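Summary of structural features
Here's the letter readout for the chains.
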Amino acid sequence: MQVAIVGAGLGGLTAALALAQLGLSVTVYEQAPALGEVGAGITISPNAGRVLDHLGLGEQVRALGVLPGTQHVRDLASGRTIRTMARDPGLEARHGAPYRHLHRADLHGLLARALEACAAGSIRLGHRLVSVTRGGRMRFADGTEAAADVVVGADGVRSAVRDALFDTGPPLFTGQVAWRGLVPAEALAEPVRSEPPGIHIGPGRLVLRYPVRGGRLANYAVFVETSGWEEEGWTCPSTRAELIGHLEGACRSVRALVEATPEQWLFKWALFAREPLQTWVAGRVTLLGDAAHAMLPFMGQGAATAIEDAMVLARALAAFPPGEALRRYEAARRARTTMVQLQSRLLGLRFQGRHPETLGRGPLRNEEDLGLFDYDPVTVPL
Ligand SMILES: Cc1cc2nc3c(=O)[nH]c(=O)nc-3n(C[C@H](O)[C@H](O)[C@H](O)COP(=O)(O)OP(=O)(O)OC[C@H]3O[C@@H](n4cnc5c(N)ncnc54)[C@H](O)[C@@H]3O)c2cc1C
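Predicted model, so just to flag it, every value in this text is computed and none were measured.

**Details of unusual backbone geometry**
In this structure, Pro191 follows Glu190 across a cis peptide bond, with omega equal to 5°. Tracing the backbone through its elements, the reader meets Pro191 in the loop between strand S12 (172-184) and strand S13 (198-202). Notably, Arg213 is not glycine yet its phi reads approximately 50°, a positive angle. Looking at the secondary structure, you find Arg213 in the loop between strand S14 (205-212) and strand S15 (217-225). Here Arg213 falls in the partly exposed class, since its relative accessible area comes to 27%.

Okay, structure coming up:
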């Protein structure tokens, strides 16, 4: 079976690697002229870590990533800790898989090298898909064409595959704009430099912070409820002054983090999401990751669910004929990802609510309480 994957993001590369390891023939078509990932952090939780372990990358993920220990949820205004969450060796022992903060480029590079070692030359760069048929015939912006027995749209929130074949509206602006920044640890003075990872919450705003690259870089994201700026893309440059303007009343440590950010490492982007799809299969074509279920990032599960999709899809394609494999993949994945999409939005509403101090009182259904970490894409029934 020839499988074509459109998009060499974290989801597409994981799917390609899993398929290649299962002995299927796979080609990845990526629009960018060179492989790469944005300068930002990513959390890999055990549900995705289990897949990376299975694909033989677990040790490298553990070595490249940072295990946070304890995460703090703090009041954005006062800096006071509201509650803590253990993200320590005990968590990993309970789940038998890694939980790590990584630089996205490190994880992406790991997947790309593993794929090259297993299926050399399987990535075609500079191939922007413009159309695809239900039968698996693809056309690219440079006029070239290709065909496959199965086509997988792993081409992100603005998926051309989804737009071509699935009954779908445009990506919806979520009312959230996010800034992301990286700061060299040595640019931060104590005590800000050694502050524990976690989030600061306050009305309409949320700041996420954690270390990457062995603690040499502090990665952060600031989510602001706002309207009037909906530009797409992950790489719109911003300025410290613009971001500080959205952090009125924030505690000293959050402002210090922003003030120390080199401006070439500060970007903003509007967050878009999709309504859950009614079906994931159109003939020989399916979707994966953000193309299928783009979500708000408040549970840190977007890439994790893309990685889960990738493993389940590869197992289905290795075990069943194409039509049946795609049906089983959809049946195994749709309810779970719809639930995570909706829970991420709910958690965001609670984090950015008017009264941060009430967060710790009622039941907080975060990603671990919801049981998301227990899911095993390597063994889940198909
Ligand atoms: C602030 C923020 C923080 C986040 N933190 C986390 C986290 O901690 N943990 C987590 O699990 N998730 C997190 N996420 C979510 C995560 O980043 C995404 O869900 C994930 O990157 C989706 O992967 P993907 O492979 O589906 O899509 P993408 O990463 O978007 O990759 C799509 C690929 O397809 C290519 N492409 C697009 N169109 C075409 C075309 N027409 N033809 C060919 N190629 C094409 C693109 O160039 C790209 O390489 C976060 C998101 C945000 C916004």
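Let's pick the thread back up.
**As for the site of the ligand**
Near the ligand lie 32 residues; those nearest to it are Glu30, Thr43, Arg104, Asp290 and Ala304. Between the ligand and Leu10 there is a distance of 3.5 Å, counted from an oxygen atom to a backbone nitrogen or oxygen. A distance of 3.1 Å separates an oxygen atom of the ligand from a polar atom in the side chain of Gln31. Its free accessible area being 1,000 Å², the ligand has 87% of it covered by the protein chains. Looking at the shell around the ligand residue by residue, the class counts come to 15 nonpolar, 12 polar and five charged. Residue contributions to the shell around the ligand reach at least three from each of two domains, namely domain 1 (2-68 + 95-171 + 275-353 + 364-374) and domain 2 (173-273).

**Some words on the environment of Thr305**
Within the secondary structure, Thr305 sits in helix H10 (residues 302-319). Assessed through its relative accessible area of 0%, Thr305 is described here as buried. In contact with Thr305, other than residues within four places in its own chain, are His293, Met295, Arg333, Thr337 and Val340.

**Points about the nonpolar core**
Formed by 71 residues in total, the largest nonpolar core has its most connected members in Val3, Ile5, Met138 and Leu317. Broken down by element, the residue count for this core peaks at 10 residues, all from H10. Contact partners of Met138, with chain neighbours within four places excluded, come to Ala4, Val6, Tyr29, Leu129, Ser131, Val132, Thr144, Glu145, Ala146, Ala147, Ala148 and Val151. Counting 24 residues, the second largest nonpolar core, distinct from the first, contains Leu188, Val224, Leu243 and Ile244.

**Some details on H10**
Over its 18 residues, H10 runs 26 Å from end to end, which matches the ideal 26 Å to within 8%, given 1.5 Å per residue. For H10, a buried count of 15 out of 18 residues is recorded, marking the element as mostly surrounded by other parts of the structure.

**Overview of the domain arrangement of the protein**
Taken domain by domain, the protein comprises domain 1 (2-68 + 95-171 + 275-353 + 364-374) and domain 2 (173-273). Between domain 1 and domain 2, the contact holds 27 residues from the first and 29 residues from the second. Taken together, the links from domain 1 to domain 2 amount to one salt bridge. With a closest N to O distance of 2.7 Å, Arg213 and Asp106 form a salt bridge. If you look at where domain 1 meets domain 2, you find four residue pairs in polar contact (both at pLDDT 80 or more). Listing elements by their share of the side of domain 1 that touches domain 2, those giving two or more residues are strand S3 (41-44), strand S6 (100-103), helix H5 (104-118) and helix H11 (322-351).

**What about the packing of helix H1 (residues 10-21) against H10?**
How two helices pack is summed up by the angle between their axes together with the distance between the axes. Relative to each other, H1 and H10 sit at 25°, their axes nearing to 8 Å. Taken together, the axes of H1 and H10 lie roughly parallel to each other. Handedness of the crossing formed by H1 with H10: right-handed. Contacts between H1 and H10 involve Leu10, Gly11, Thr14, Ala15, Ala18 and Leu19 from the first element and Ala303, Ala306, Ile307, Ala310, Met311, Ala314 and Leu317 from the second. Classifying every residue of the contact of H1 with H10 by side-chain character gives 11 nonpolar, two polar and no charged.

Rules and cut-offs
Residues numbered from 1 in each chain as written. Predicted model: local features only at pLDDT ≥ 70, side-chain atom pairs only at ≥ 80, totals over all residues. Heavy atoms only, no water. Helix = DSSP H or I, 4+ residues; strand = E, 2+ residues; numbered from the N terminus. Buried < 20%, exposed > 50% of the residue type's maximum accessible area, 1.4 Å probe, protein only. Near = heavy atom within 4 Å. Polar contact = N/O pair within 3.5 Å; in protein donor to acceptor, adjacent residues only side chain to side chain. Areas by Shrake-Rupley, 256 points an atom, 1.4 Å probe, with all protein chains shown as cover. Nonpolar A, V, L, I, M, F, W, Y, C, P; charged D, E, K, R; others polar. Domains from an automatic or database assignment. Contact = heavy atoms within 4.5 Å. Core = buried A, V, L, I, M, F, W, Y, C linked by side-chain atoms within 4.5 Å. Expected span 1.5 Å × (residues − 1). Salt bridge = Lys/Arg side-chain N within 4 Å of Asp/Glu carboxyl O. Axes fitted to C-alpha atoms, helices over the stretch in contact; angles between N-to-C directions. Parallel < 35°, antiparallel > 145°, perpendicular 65-115°, else oblique. Left-handed = near helix turned anticlockwise from the far one by under 90°.

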